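Residue-level structure breakdown
Chain by chain, the residues run as shown.
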Amino acid sequence: MPRMKKPEQRDLFPGALEMMILRTLKRQPLHGYALAQHIKRTSNDLLQIEEGSLYPALQRLLKEDLVKAEWGISYTNRRVRIYKLTAKGAKHLDHEVSRFERMLEGVTRVLAPGES
Amino acid sequence: MKWPNQLFSRRRLYGELSEEIREHLEEKIEELVAGGMPRKEAVAAARRELGNVSLIEQDSREVWRWPSIEDFLMDVRYGLRQLCKSPGFTAVAVLTLALGIGANTAIFNALDAVMLKSLPVYRPDQLVLFADTVGQGWTSSNTPPADQLAYFPYELYTYFKNQNRTFQDICAFRNALDNVNVRVDGVDLSAGVQLASPKQVSGNYFDVLGVNAILGRTLTPSDDQPTAPPAAVISFRYWSARFNRDASVLGRALEANGVPFTIVGVAPPEFFGERVESNPADLWVPLAFQPRLMQRESWLENGAYYWLDLIGRLKQGVSIEQAQAAVNVQLHQYFTEQAGSHLSRERQGNIDASKVELSPGGRGISYMRLFYSEPLHVLMGGVLIILLIACANVATLLLARAAGRPNQEMSVAPNAVGPRYFETEGMPLLLGRPITAQDVKGSPEVAVVNEAFVRSFLSNANPIGRRFGPGAGDPQHSGEVEIVGVVKDAKFFSLCEQPPPMVFLSLFQAEGDMAHGGLEIRAAGDPRNIAEEVRQDLAETDKSAPMPDVRTMPEQIHSRLNQERAISELSSFFGILAVLLACLGLYGLMSYTVARQTNEIGVRMALGANQGDVVWSILGQGARLAIVGVVLGSGAAFALMRLISNLLYGVSTHDPLTFASVAVLLMFVALLASFVPARQASRVDPMVALRYE
């Protein structure tokens, strides 16, 4: 059975999408669609994220107990699954963000002009 | 979430996921429509932005799975389903693999038993064999390969034992089994006398090997004294066969060649001695009784007899190299002490060159290993090839469905000969005269040699009248034997051997132990009837003489050949198996190839070709392939035959019949495999054939 590469691995580094989901959910609980729109909007559409790739990522976060989901009714009066950050998820986010920042700093230094 | 919950709630989870994605799409569509986009376009745009729904669902589900196990189970289920669909194919594939695997298991077991297994003793890794590479006496071996030991005199054994610092202990045992008459008290052994094979061992033999008796006791050093009451330990096999595992066997008298042994113990069932042989010892008796048991002079007191194998048990922490260094120092000391003051330069050279090579003894001594190592490896190679064929067959079917030389005189095997020996043996005299009844003590010593001797030592010069002496380096005896005749080469030990250089001496001129010999009788009538006569004549001459084991020459040859024959028969069996498998594979491949042309055949038929022509052309194509295969295969087989003919008895490089029949068989199979599907295809309605994939 051939297995496709996971979409987020094509576009972003592994874990990036999960980090953004966690960060977004930290502000407020959201359902899938709203989460996708928020990330797109906030990134000023700079990130080409296939909306669908959100769902496998959400399943991974669910599995790791970083988020939890509950069925509820959206403000547009739809039955939706609303995702919420767990305490474990919050901790994980902090850790991932600081790791990312260190990595970014490193990459930035290397890329900075005038130094080699 | 814990995994058991995961398992049970998975179905629900997947349902929720689908629902969630559906809602996502609808929300998007609604939003787009609300923004003024026509519904049809909105649906397309929403789908595009979301991406491949089934892929998303699959990826999402994968998160919850144990991918490898579940994929595996799924593959297995799929495989089983496919196998059930075509039971014929399944049967052939399973049978093919079963034959291949079975053959490998069988040969590996034999190889393991002969070559690899350790003796059933305590810490076999500590055991060390003493192997000597320089012959110091006539009983030493002439071509010592790795496993074949050279032998030691009793005196040297006690010297090693006394000087020993590297071994916990060293034991000694006679390098051969004797065949003796046995009488057992109170047991009716049919004729009263039976032959049995006792093994003469030093008193510490069982101790050194770390083997305990399952009944009674083993031998001890105090049993190994000429004045001790003769004690014997019997093998489990002998106990079972002769005594029905009767526990009252302990204390019974067992008379062997007139020596009244008492049975003191029974060895454990897995213990056959230090040798891995097809004819293990029946009983173990102390070395001290050698003269009485063998009815010969004492070999214990005569340092000239090299008749003992030695096994030592290394002390903890001593390496085999350290032990070897120590033993070699002792060996040179011993020989130097023996030589005393008159040490010739040549003798000194021999002493310096002599050495003992220690080798790991945990696997025991095995001449079987020596003789069958190569054939067993050939067989192993053969069965591996069979497995390879089997695998190739299954793959094809799957595809089809988816679509030694001595150089010193002293190493010549001597053969003391009675008059008319050559006549009796049927060895034609080529030159000179044979040994006659006139060649007795006092008359000039004579010898007859074989062709191999003349080739090896005299470079084919006329040997008649040339002189030599037994015991190289011994000036007292040099040149005292005159060659009077040459006989044709004969094989003595194995039918596979190259005839060794041989010297035949007159039995009546021989001294000491050389004066013992076998007796060969050419019978006028049926040789089987003569055995009793011989025994009676012998009993009349000397009542105490051991009853000989009288066997006819064919029996003798047969027993020598038994194992070689077994190997050859196994080889034939595997050969036939390989041909069978090759036929099977060939058939599968050819019929597959032809079946794939069904489409083409359909086109030709549709264009008006007649059935006969189509079948013929397919057959021709199959025949061409088969001929190429047979020619290439025969070439390869011929090359390999030269290699194998040296290893297996009865395999010659020129066996046109076998070659031809295998070639014809394979041709036939190839043609049949072409014919059947070709005819089938040519009978199919062209329209159906055209659509055939």
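In this text the structure is predicted, and so the values were computed from the model without any measurement. Within any chain, residue numbers begin from 1 and follow the written order of that chain's sequence. Working convention: letters from A go to chains and numbers from 1 go to ligands, in the order in which they are written. Residues qualify for local features only when their pLDDT is at least 70, as the model is predicted, and side-chain atom pairs are given and counted only at 80 or more; totals for whole chains, interfaces and linings, by contrast, use all residues. To get the side-chain values, take all heavy atoms of the structure and skip hydrogens and water.

Looking at the overall build of chain A
Within chain A, the regular secondary structure consists of 5 helices and 3 strands. Note on contacts: a residue pair qualifies if any of its non-hydrogen atoms lie within 4.5 Å across the two residues. For chain A, restricting intrachain contacts to residue pairs at least 6 apart in sequence, the fraction spanning at least 24 positions comes to 48%. Here chain A has roughly 7300 Å² of accessible surface; of this, 55% comes from carbon and sulfur atoms. Only DSSP runs of H or I covering at least 4 residues are called helices, and only runs of E covering at least 2 are called strands; the numbering of each starts at the N terminus. Here the Shrake-Rupley method, with its probe set to 1.4 Å, supplies the accessible areas, and only the displayed protein chains count as covering residues.

Let's talk about a positive patch on the surface
All names here are of chain A. A patch consists of residues exposed above 30% relative accessible area that lack any salt bridge, with like charges linked at up to 9 Å and nonpolar side chains (Val, Leu, Ile, Met, Phe, Trp, Tyr) linked at up to 5 Å. Salt bridge, as applied in this entry: a Lys or Arg side-chain nitrogen positioned within 4 Å of an Asp or Glu carboxyl oxygen. Note that His is not counted, nor are the chain ends; the positive residues are Lys and Arg, and the negative ones are Asp and Glu. Note that the charge is assigned to NZ on lysines, CZ on arginines, CG on aspartates and CD on glutamates. Where like charges cluster on the molecular surface, the positive patch consists of Arg23, Lys26, Arg27 and Arg41. Position of lysine 26 relative to the elements: it lies in helix H2 (residues 16-27). A residue is classified by how much of its surface remains accessible, and lysine 26, at 46% relative accessible area, is partly exposed. Using a 1.4 Å probe on the protein chains alone, a residue whose accessible area is under 20% of its type maximum counts as buried, one over 50% counts as exposed, and one in between counts as partly exposed.

A word on the nonpolar core
As used here, the term nonpolar core means buried Ala, Val, Leu, Ile, Met, Phe, Trp, Tyr and Cys residues forming a set that is joined through side-chain atoms within 4.5 Å. One finds Ile21, Leu25, Leu54 and Tyr55 of chain A to be the most contacted residues of the largest nonpolar core, which totals 33 residues. Listing elements by their share of this core, those giving two or more residues are H2, helix H3 (32-42), helix H4 (54-63) and strand E3 (79-85) of chain A together with helix H1 (3-34), helix H2 (39-50) and helix H3 (53-64) of chain B. By residue number, the principal contributor to this core is H4 of chain A, which donates 6 residues. Dropping the residues within four chain positions of it, leucine 25 of chain A is found in contact with Leu30, Leu35, Val67, Tyr83 and Leu85 of chain A. Trp299, Leu331, Tyr334 and Leu358 of chain B belong to the second largest nonpolar core, which has 31 residues in total.

What about the sheet that holds strand E2 (residues 67-73) of chain A?
Residues and elements named next belong to chain A. Here a strand pair is declared whenever DSSP counts at least two bridges between the two strands. In space, the 3 strands of this open sheet follow the order E1-E3-E2, with antiparallel pairing throughout. Across the chains shown, the open sheet's two edge strands, defined by having one partner strand only, are strand E1 (30-31) and E2. Sheet topology note: the E2/E3 ladder contains 7 bridges and is antiparallel. The residue bridging alanine 69 from the neighbouring strand is tyrosine 83, located in E3.

Description of the confidence of the model for chain A
Note: pLDDT gives the predictor's confidence per residue, expressed from 0 to 100. This prediction gives chain A a mean pLDDT of 83; 87% of its residues lie at or above 70. This model gives residues 1-10 of chain A a pLDDT under 50, and the stretch forms 15 contacts once residues within four places in sequence are excluded.

Brief notes about the confidence of the model for chain B
Residues and elements named next belong to chain B. In the predicted model, chain B carries a mean pLDDT of 78, and the fraction of residues at 70 or more is 82%. The secondary structure element of chain B with the lowest average pLDDT is strand E13 (residues 413-417), at 56, and the one with the highest is strand E7 (residues 231-234), at 96. Here residues 132-149 scores under 50 on pLDDT; set against residues more than four positions off or in separate chains, the count is 45 contacts. Counting interchain partners and residues more than four positions distant, the pLDDT-below-50 stretch residues 404-408 has 4 contacts. Scoring the predicted complex yields pTM 0.52 and, for the interface, ipTM 0.81.

With respect to the packing of aromatic side chains
Centres within 6.5 Å are what make two rings of Phe, Tyr or Trp a pair, Trp counting through its six-membered ring; a difference in plane orientation under 30 degrees is then read as stacked, over 60 as edge-to-face, and the rest as tilted. On inspection of all chains with the given rule, the structure shows 21 aromatic pairs over all chains. Each ring, one from tryptophan 299 of chain B and one from tyrosine 305 of chain B, has its centre 5.1 Å from the other, and the planes form 20°; the classification is stacked. Comparing tryptophan 299 of chain B with tyrosine 305 of chain B shows no difference in burial state: the two are buried. Ring centres 5.4 Å apart and planes at 80° place the aromatic pair tryptophan 299 of chain B and tryptophan 307 of chain B in the edge-to-face group. Neither residue differs from the other here; tryptophan 299 of chain B and tryptophan 307 of chain B are each classed as buried. Put simply, the rings of Phe173, Tyr205, Phe206, Phe271 and Trp284 of chain B touch in pairs and so form one group of aromatic residues. For a Lys NZ or an Arg CZ to count as sitting over a ring, it must be within 6 Å of the ring centre and within 35 degrees of the ring normal. Taking the ring centre of tryptophan 71 of chain A as reference, the NZ or CZ of arginine 79 of chain A above it sits at 4.2 Å.

A word on the interface of chain B and chain A
Taken together, the contact pairs 28 residues of chain B with 27 residues of chain A. The term buried area means the drop in 1.4 Å probe accessible area that two parts suffer when joined, counted for both and summed. Together, the buried faces of chain B and chain A total about 2800 Å²; carbon and sulfur atoms form 49% of this surface. Together, Glu20, His24 and Glu27 of chain B form the three largest contributors to the area buried by chain B at its contact with chain A, with a combined 23%. Taken together, the connections running from chain B to chain A amount to 8 salt bridges. A salt bridge links arginine 78 of chain A to glutamate 23 of chain B, with the shortest nitrogen-to-oxygen separation between them at 3.1 Å. Looking at the side of chain B that touches chain A, the elements with two or more residues in it are H1, H2, H3 and helix H4 (67-85) of chain B. Per-element accounting of the side of chain B that touches chain A gives the leading share, 14 residues, to H1 of chain B.

Details of the layout of surface pockets
Residues and elements named next belong to chain B. Cavity: a set of points on a 1 Å grid over the protein atoms alone where a 1.4 Å probe fits but cannot get out. Pocket: an open set with protein on both sides within 12 Å along at least five of seven lines, its lining residues, like those of a cavity, having an atom within 4 Å of a point. Grid points are joined across faces, edges and corners, and a volume is the space filled by probe spheres set on the points. Taken as a whole, the second largest pocket spans an internal volume of roughly 1800 Å³. For the second largest pocket, the lining is made up of 50 residues, of which Gly575, Ala578, Val579, Ala637 and Val662 are closest to its centre. Elements represented by at least two residues in the lining of the second largest pocket include exactly helix H12 (367-402), helix H16 (553-595), helix H18 (611-645) and helix H19 (656-683). For the lining of the second largest pocket, the leading source of residues is H16, giving 14 residues. Per-class residue counts for the lining of the second largest pocket are 34 nonpolar, 15 polar and 1 charged. Amino acids are sorted into nonpolar (Ala, Val, Leu, Ile, Met, Phe, Trp, Tyr, Cys and Pro), charged (Asp, Glu, Lys and Arg) and polar (every other residue, Gly among them).

With respect to empty space enclosed by the protein
By volume, the largest cavity amounts to about 70 Å³. What lines the largest cavity is His31, Gly32, Tyr33, Tyr55, Trp71, Arg79, Val80 and Arg81 of chain A together with Glu20, Glu23, His24 and Glu27 of chain B. Those elements that place two or more of their residues in the lining of the largest cavity are H3 and E3 of chain A together with H1 of chain B. Counted by class, the lining of the largest cavity contains 4 nonpolar, 3 polar and 5 charged residues. Approximately 50 Å³ is the volume attributed to the second largest cavity. Taken together, Ala36, Ile39, Lys40, Ile49, Glu50, Glu51 and Leu54 of chain A make up the full set of residues lining the second largest cavity. Sorting elements by how many residues they give to the lining of the second largest cavity places H3 of chain A first, with 3 residues. A breakdown of the residues in the lining of the second largest cavity according to their chemical character gives 4 nonpolar, no polar and 3 charged.

Topic: a nonpolar patch on the surface
A surface patch of nonpolar side chains, amounting to about 530 Å² of accessible area, comprises Ile69, Phe72, Leu73, Val76, Leu80 and Leu83 of chain B. Within the secondary structure layout, phenylalanine 72 of chain B lies in helix H4.

Remarks on unusual backbone geometry
Residue and element names in this part refer to chain B. Phi at asparagine 257 is positive, roughly 50°, even though this residue is not glycine. Considering the arrangement of structural elements, one finds asparagine 257 in the loop between strand E8 (253-256) and strand E9 (259-266). Of note, glutamine 295 is a non-glycine position whose phi angle comes to about 50°, a positive value. Among the secondary structure elements, glutamine 295 is positioned in the loop between helix H9 (290-294) and strand E11 (308-314).

As for H19 of chain B
For a helix, the expected span equals 1.5 Å multiplied by the residue count minus one. With 28 residues, H19 of chain B extends 40 Å between its outermost C-alpha atoms, agreeing within 8% with the 40 Å of an ideal straight helix rising 1.5 Å per residue. Buried within H19 of chain B are the following residues: Ala663, Met667, Val669, Ala670, Ala673, Ser674, Pro677, Ala678, Ala681 and Ser682 of chain B.

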